[in-house]
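In case you want the letters, here they are:
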Amino acid sequence: MKDGIYKVAAATPHIRVGDCKGNADKIIELIDRAERAGASLLVLPELCVTGYTAGDLFLLDSLIGGAEEAVDRITDSTEGKDVVTVFGAPAMMRGKLYSAAFVLQRGRVLGVVPKKHIPNYSEFYEARMFTAFTGENDFDEKLNCPFGTKLIFAEKGGALTIAAEICEDLWVPDSPSTEHALAGALVICNTSASDETIAKADYRRSLVAMQSAKLCCAYLYADAGKGESTTDTVYAGHNLIAENGRVAAEGELFSDEFIVADIDLQYLAHERRRMTSFGCARRAGYTEVPFELNKRVTPLERKPDKNPFVPAVKGELDKRAEDILRLQTAGLAGRLSNCGIKKCVVGVSGGLDSTLALLVAARAVDEVGLPRSNITAVTMPCFGTTGRTRRNAEALSVALGTDFRVVDITESVRLHLRDIGHDDKSTDIAFENAQARERTQVLFDIANMSGAVLIGTGDLSELALGWCTYNGDHMSSYAVNASIPKTLVRRLVAYEAERLPAVGSVLRDVLDTPVSPELLPTGGDVVVQPTEKIIGPYELHDFFLYHLIRRGSSRAKIRRLALAAFEGEYSEEEVDKWLGVFFRRFFTSAFKRNCLPDGAKVGSVSLSPRGDWRMPSDSAVIE
């Protein structure tokens, strides 16, 4: 499918134990529904053709015969249908009965996967009826397909690679899915019949999510539900679709819900490639079964998250914000303690980034038991400084108890410009950068005078775009915001505004102030250099950054996802314009990132040249 995005489904038919014909009808209905929904893959529960709870009825030839007829009818019903269907039914092989997953598509059985681990404890005494499959792959002459646990179903010319395991196979220490993933399967299907008891759903959800995370795969779990016998157990139809640790879709218990989700197989393949510890392909003993899918653009089941760095739920956001602030604090506190440094210097502008850096500095000195007066907060007004940012910088610094200083750099910058032959009237790049570099020089010199560490304020978004002055605000002794994107900086300051009533009003005004480097002449409180008017909205750039670095997406794929995520907010022309700006600036600004100061990594995306993102400074733009 286009961009490696596939629509997949899991469902639970409302069956009746022993009614193979009626159960087949329900299964066919679900296959038709999945086909109409555009799903490429559908997974149904274990033994759903007969009912999992048939007990000793599995010893009757009539039930096994009825199941075989039902499988044939279900297979015939898939003629001309693209969706690959995986469902559970009993299978006879060389005189033994197995609980198996049948894989069908376009009128044929692609393969049969028997259960490897058979439970024999009280509520699941399957060993009475079924055999555990422990041998090598075989061939089913009647169905004309391979039979065994080492089967990979691979789309010709596509990314969809499927393997299956059955219920208990997931719950044991040596799950077949581990071997399947190492053999190349990106999607694991589990036809299951897991009974429901108190709190078991939470455990099952965690198990499925964690298995998908460990294996860098998509995991589709279809559970038995209504219609199963309730003699000794109850089944809730707990269906789950997980992708690399994230539950993408989950059915409500006892609803037999049909769930659908988009899975990104390009992303999963990227993750495995990135994690060199994942291991090489182990295909010994595996049989690859090819199948074909019609090529089409999969309509996205749901919009991508507009703010991938920021949790959407308030409670989760608050917890994440506190965790991030603690990580930033731990990094700076560790640097102070490890180096025996008692003081720190922060350049405060009244903007978002320096505000967050100052808040982190206050936490850090508290952490190591130093007075906040050991923080020197320096504001350095010049040509573009507005009264509003100047007031906020002072109000916050004083309220936090820092040693606040004002160093007006206007005259020193004018003198410097005259020294280099600049008329100080032309507001060119030299005019702007002279101010940024003068500020950095002042801060380093003040830090030297007091034996302090200079705390950098620049954030991840600025580093990605190169929106910083080389050897100016780009440089510091320790950069606490280096892995915090702008959208997250805003959320962290908002969190502190709620948590700290004494500075809440100042922080809210900082949040309301347009982002600007304030390097062009202004008067009063007028912002004449709004950053997002010049380089584009940070919410777009952070979205682009996440999908490029974290998910390895191409420019075309990022464009598609952005248009879906920001539908109704930005036009195609706007997305194209700012995406072009992002790619151009990201690739041409690598030289700034390749000599960054130290700074703690707090999230999954970082551009540190020492361990997270290494690229040549003269690379072509790769799209």
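Just so it is clear, the structure is predicted and the values come from calculations on it, not from any experiment. (Residues numbered from 1 in each chain as written. Predicted model: local features only at pLDDT ≥ 70, side-chain atom pairs only at ≥ 80, totals over all residues. Heavy atoms only, no water.)

A separate point is the pairing of strand S4 (residues 96–105). A regular strand places its side chains on the two faces of the sheet in alternate fashion. Burial runs high along S4: 9 of the 10 residues are buried. The antiparallel hairpin formed by strand S3 (residues 84–93) and S4 contains 2 residues in its connecting segment, where arginine 94 sits at a positive phi of about 50°. With 6 bridges connecting them, S4 and strand S5 (residues 108–114) associate as antiparallel partners. What sits directly across from glutamine 105, in S5, is arginine 108. Counted along the chain from S4 to the antiparallel partner S5, the turn is 2 residues long, and its residue arginine 106 has a positive phi close to 50°. (Buried < 20%, exposed > 50% of the residue type's maximum accessible area, 1.4 Å probe, protein only. Helix = DSSP H or I, 4+ residues; strand = E, 2+ residues; numbered from the N terminus. Pairing = 2+ DSSP bridges.)

So, about a nonpolar patch on the surface. A contiguous nonpolar patch, built from Val234, Leu253 and Phe254 and spanning about 220 Å² of accessible area, is present on the exposed surface. Positionally, leucine 253 belongs in the loop between strand S13 (246–250) and strand S14 (259–264). Accessibility expressed as a relative area gives 30% for leucine 253, which makes it partly exposed. (Patch = residues over 30% accessible without salt bridge, like charges linked within 9 Å, V, L, I, M, F, W, Y side chains within 5 Å. Areas by Shrake-Rupley, 256 points an atom, 1.4 Å probe, with all protein chains shown as cover. Salt bridge = Lys/Arg side-chain N within 4 Å of Asp/Glu carboxyl O.)

Taken as a whole and judged by the stated rule, the model has 18 aromatic pairs. Measuring from centroid to centroid gives 6.2 Å for phenylalanine 583 and phenylalanine 587, while their planes differ by 15°, and the two rings are stacked. With phenylalanine 583 and phenylalanine 587 both in helix H18 (residues 572–588) and 4 residues apart, this pair spans about one turn of that helix. Of the two residues, phenylalanine 583 and phenylalanine 587, neither departs from the other in class, the shared state being buried. An aromatic cluster of at least three residues, connected via ring pairs, comprises Phe544, Phe582, Phe583, Phe586, Phe587 and Trp613. One residue, lysine 200, lies across the ring of tryptophan 171, its end atom 5.4 Å from the ring centre. Sitting over the face of the ring of tyrosine 267, arginine 551 holds its NZ or CZ atom 3.7 Å from the ring centroid. (Phe/Tyr/Trp six-rings, centres within 6.5 Å; stacked < 30°, edge-to-face > 60°. Lys NZ or Arg CZ within 6 Å of the ring centre and 35° of its normal.)

This part covers the pattern of salt bridges. Tallying each qualifying case throughout the model produces 46 salt bridges. A salt bridge links aspartate 195 to lysine 200; its shortest N-O distance comes to 2.6 Å. For aspartate 612, the salt bridge identified is with lysine 601, shortest N-O distance 2.6 Å. Remark: lysine 601 occurs in the segment after helix H19 (590–593) and aspartate 612 occurs in the segment after H19; sequence separation between them is 11 residues. Residue classification places aspartate 612 among the partly exposed positions, given a relative accessible area of 30%. By sharing partners, the salt bridges in this structure join Glu243, Arg246, Asp264, Arg551 and Lys557 into a single network.

Turning next to the nonpolar core. In terms of nonpolar packing, the biggest core is built from 80 residues, with Leu332, Phe544, Leu545 and Phe586 touching the most fellow members. Looking at this core, the element that brings in the most residues is helix H8 (residues 352–368), giving 10 residues. Here leucine 332 is in contact with Val360, Ala361, Ala364, Ile455, Tyr478 and Val480, once residues within four sequence places are set aside. Of all hydrophobic cores here, the second largest spans 47 residues; its members include Ile74, Met93, Phe102 and Phe130. (Core = buried A, V, L, I, M, F, W, Y, C linked by side-chain atoms within 4.5 Å. Contact = heavy atoms within 4.5 Å.)

Read across the sheet, 7 strands follow the order S13-S12-S11-S10-S9-S8-S15 without closing on themselves; strand pairing throughout is mixed. Either end of the sheet is taken by a strand with one partner, and the two such strands are S13 and strand S15 (287–291). Each adjacent strand pair in this sheet contributes to an overall mean axis angle of 25°, direction not counted. Examined bridge by bridge, strand S12 (residues 240–243) and S13 share 4 bridges and lie antiparallel to one another. (Axes fitted to C-alpha atoms, helices over the stretch in contact; angles between N-to-C directions.)

Listing the buried residues of helix H6 (residues 265–274) in full gives Leu265, Tyr267, Leu268, His270, Glu271 and Arg272. By the N-cap criterion, in which a side-chain oxygen at the helix start approaches the backbone nitrogen of a residue two or three places on, H6 is capped by aspartate 264, the distance to glutamine 266 being 3.2 Å. (Polar contact = N/O pair within 3.5 Å; in protein donor to acceptor, adjacent residues only side chain to side chain.)

Checked against the element boundaries, threonine 531 lands in helix H15 (residues 531–534). Aside from chain neighbours lying at most four places away, what touches threonine 531 is Trp467, Val515, Ser516, Pro517, Gly536 and Tyr538.

Another aspect to go through is the packing of helix H1 (residues 20–36) against helix H2 (residues 61–77). Between H1 and H2, the least distance of the axes is 9 Å, while the angle of their chain directions is 25°. By the criterion of interaxial angle, the relationship of H1 to H2 is roughly parallel. Crossing of H1 against H2: the hand is right-handed. Here Cys20, Lys21, Ala24, Asp25, Ile27, Ile28 and Ile31 of H1 lie close against H2, whose contacting residues are Leu63, Gly66, Ala67, Ala70, Arg73, Ile74 and Ser77. A class-by-class count of the residues in the contact of H1 with H2 yields 9 nonpolar, 2 polar and 3 charged. (Parallel < 35°, antiparallel > 145°, perpendicular 65-115°, else oblique. Left-handed = near helix turned anticlockwise from the far one by under 90°. Nonpolar A, V, L, I, M, F, W, Y, C, P; charged D, E, K, R; others polar.)

The next subject is unusual backbone geometry. The backbone of alanine 199 shows a phi angle near 70°, a positive value even though the residue is not glycine. Of note, the phi angle at aspartate 424 is positive, near 55°, even though the residue is not glycine.

The next subject is a negative patch on the surface. Taken together, the side chains of Glu69, Asp72, Asp76 and Glu79 define an acidic patch exposed on the protein surface. Note that glutamate 79 resides in the loop between H2 and S3. (Lys, Arg positive; Asp, Glu negative; His and termini not counted. Charge placed at Lys NZ, Arg CZ, Asp CG, Glu CD.)

Turning to the environment of threonine 12, a few remarks are in order. Looking at where threonine 12 falls in the secondary structure, it is placed in the loop between strand S1 (5–10) and H1. We classify threonine 12 as buried; its relative accessible area is 4%. Between the C-alpha atom of threonine 12 and that of methionine 449, which follows or precedes it by 437 residues, the distance is 71 Å. Of the polar contacts made by the side chain of threonine 12, one reaches the backbone oxygen of aspartate 223; its length is 2.7 Å.

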